[in-house]
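# Fold and contact review
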Amino acid sequence: MKKTALCLILALLLTGCAAPKVHVLSSDEQIAVLAERFSGLESEVEWLSYESSTQFAVTDLDGNGLLELVVSSMQGTGLFSYSHYYEVNEDGSGVTEWQWPQPMESEPDIGYADMAFYSDEDGVRHYRLEDYIRNGYAENWLGLYDVVYRDDMIEQTLLAERYAVIRDGSDEFDMTFYDGNGQEITEAEFDAVANTMQTGQTAHIGWMGYDQVKGLGKEELVRPLADSWAEFSAE
């Protein structure tokens with residue numbers, strides 16, 4: 001009986017029955033999934049219709065081979081940034097939206113053609129992003145962040161921060177600097193962190209304006225999404 005069972009197991013292994021093949025989605029298949037999702041976003045994302053400040057791109061920010069649709073907007077005189085990230089599910093059944101651990105008043109500014117990052121010893125990409133917001137001309141904030149996209153979550157770590165407020169009766173600004181824990185530091189210490197923000201590798205993103213695709217159906221969206229993906233690189 002044991003010999004018969006062993007022979008059956010061996011036969012299954014030799015014929016390939018023990019491990020069914022998993023279909024790996026091509027980039028064209030993934031873009032079709034993203035086009036399907038993109039075509040319904042305007043009814044869900046209120047600020048998507050702010051065409052002049054809204055852009056989108058197809059990326060692979062976490063480097064796992066599953067493409068993302070990123071939709072981003074920088075709004076108002078305060079330059080507040082907001083983004084949505086939709087990653088294709090491994091089986092092609094749809095997308096999963098990445099989540100922030102908590103609601104954000106303003107998110108790091110992602111809408112640039114080039115983003116610096118480095119890969120840690122586990123191969124996880126750490127993006128170096130800034131968030132600049134202002135209250136009119138009188139005061140502004142600049143935050144320096146380490147951002148990781150992992151397991152459908154967006155992990156953000158504040159590295160350093162600068163607060164600037166205009167001096168009474170002058171055009172000069174008084175500036176105060178803080179580390180990631182809110183402890184005051186010197187300008188030189190802040191600059192040391194700032195100097196690390198553009199080191200390492202670079203991700204190039206093919207941003208396109210939402211006004212270029214507004215009103216297009218899912219079949220018509222495939223081409224601009226494919227064009228954006230063709231522009232993406234991370235090296």
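Residues numbered from 1 in each chain as written. Predicted model: local features only at pLDDT ≥ 70, side-chain atom pairs only at ≥ 80, totals over all residues. Heavy atoms only, no water.

## Overview of helix H2 (residues 27–38)
Taking 1.5 Å per residue, twelve residues should reach 16 Å; H2 reaches 16 Å between its end C-alpha atoms and fits that length. All of the buried residues in H2 are Gln30, Ile31, Val33, Leu34, Ala35 and Phe38. For H2, the secondary structure elements touched by its buried residues are strand S1 (54–59), strand S2 (68–75), strand S3 (80–88), strand S4 (95–97) and helix H4 (218–231). (Helix = DSSP H or I, 4+ residues; strand = E, 2+ residues; numbered from the N terminus. Expected span 1.5 Å × (residues − 1). Buried < 20%, exposed > 50% of the residue type's maximum accessible area, 1.4 Å probe, protein only. Contact = heavy atoms within 4.5 Å.)

## Points about the packing of aromatic side chains
Two aromatic rings, taken as a pair, are described by how far apart their centres are and by the angle between their planes. With the rule as written, the count across this model stands at eleven aromatic pairs. Their ring planes at 45 degrees and their centres at 5.2 Å tell us that Tyr85 and Tyr149 sit as a pair that is tilted. Within this pair, whereas Tyr85 is found in strand S3, its partner Tyr149 is found in strand S7 (residues 139–150), the two being separated by 64 residues in sequence. Every member of this aromatic cluster is reached through a ring pair, and the members are Tyr85, Trp98, Phe117, Tyr127 and Tyr149. (Phe/Tyr/Trp six-rings, centres within 6.5 Å; stacked < 30°, edge-to-face > 60°.)

## Points about H4
Here H4 is 14 residues long and its end C-alpha atoms lie 20 Å apart, about the 20 Å a rise of 1.5 Å per residue gives. Along H4, the residues classified as buried are Leu221, Pro224, Leu225 and Ser228. Buried residues along H4 sit against H2, S1, S2 and strand S12 (208–209).

## Notes on the sheet that holds S3
Strand order in the open sheet formed by five strands is S4-S3-S2-S1-S12, with antiparallel pairing between adjacent strands. For this open sheet the edge positions go to S4 and S12, each flanked by a neighbour on one side alone. One ladder, built from six bridges, connects S1 with S2; its direction is antiparallel. Considered in S2, the bridge of Phe56 is made with Val71. Most of the contacts of H2 go to S3, to which it runs at about 130 degrees, and overall it touches S1, S2, S3 and S4. (Pairing = 2+ DSSP bridges. Axes fitted to C-alpha atoms, helices over the stretch in contact; angles between N-to-C directions.)

## Topic: the nonpolar core
Here is a general trend for soluble globular proteins: nonpolar side chains tend to be buried in one another's company. Of all hydrophobic cores here, the largest spans 22 residues; its most connected members are Phe38, Leu41, Phe56, Leu69, Val71 and Leu225. Secondary structure elements with two or more residues in this core: H2, S1, S2, S3 and H4. No other element matches the five residues that H2 contributes to this core. Sequence-distant contacts of Leu41, that is, excluding residues within four places in its chain, are made with Leu48, Leu69, Val71 and Tyr86. By size, the runner-up hydrophobic cluster in this structure holds 19 residues, among which are Ala57, Trp98, Ile110 and Phe232. (Core = buried A, V, L, I, M, F, W, Y, C linked by side-chain atoms within 4.5 Å.)

## As for unusual backbone geometry
In this structure, Asp151 takes a positive phi of about 55 degrees despite not being glycine. Along the chain, the position of Asp151 falls in the loop between S7 and strand S8 (153–166). Taking relative accessible area as the criterion, Asp151 reaches 67% and is therefore assigned exposed. One non-glycine residue with positive phi stands out, namely Asp152, at about 65 degrees. Here Asp152 lies in the loop between S7 and S8. Owing to a relative accessible area of 32%, Asp152 belongs among the partly exposed residues under this scheme.

## Quick notes on the environment of Leu129
The residue Leu129 is located in strand S6 (residues 125–135) in this model. The residues touching Leu129, leaving out its near neighbours within four places in the chain, are Pro108, Asp109, Met115, Gly143, Leu144, Tyr145, Val147, Tyr149 and Met197.

## Some remarks on the pattern of salt bridges
Under the criterion given, the structure shown has six salt bridges. The salt bridge involving Arg167 is made with Asp174; its shortest N-O contact spans 2.8 Å. Here Arg167 falls in the partly exposed class, since its relative accessible area comes to 38%. (Salt bridge = Lys/Arg side-chain N within 4 Å of Asp/Glu carboxyl O.)

## Here's the deal with the sheet that holds strand S13 (residues 233–234)
Read across the open sheet, the eight strands follow the order S10-S9-S8-S7-S6-S5-S11-S13; overall the sheet is antiparallel. Taken across any chain shown, the strands that pair with only one partner, and hence form the sheet edges, are strand S10 (184–185) and S13. Bridge count between strand S9 (residues 173–179) and S10: two bridges; the pairing is antiparallel. If you follow Tyr178 over to S10, its bridge partner there is Glu184. With respect to the sheet, helix H3 (residues 187–194) is in contact with S7, S8, S9 and S10, its orientation differing from that of S8 by roughly 140 degrees.

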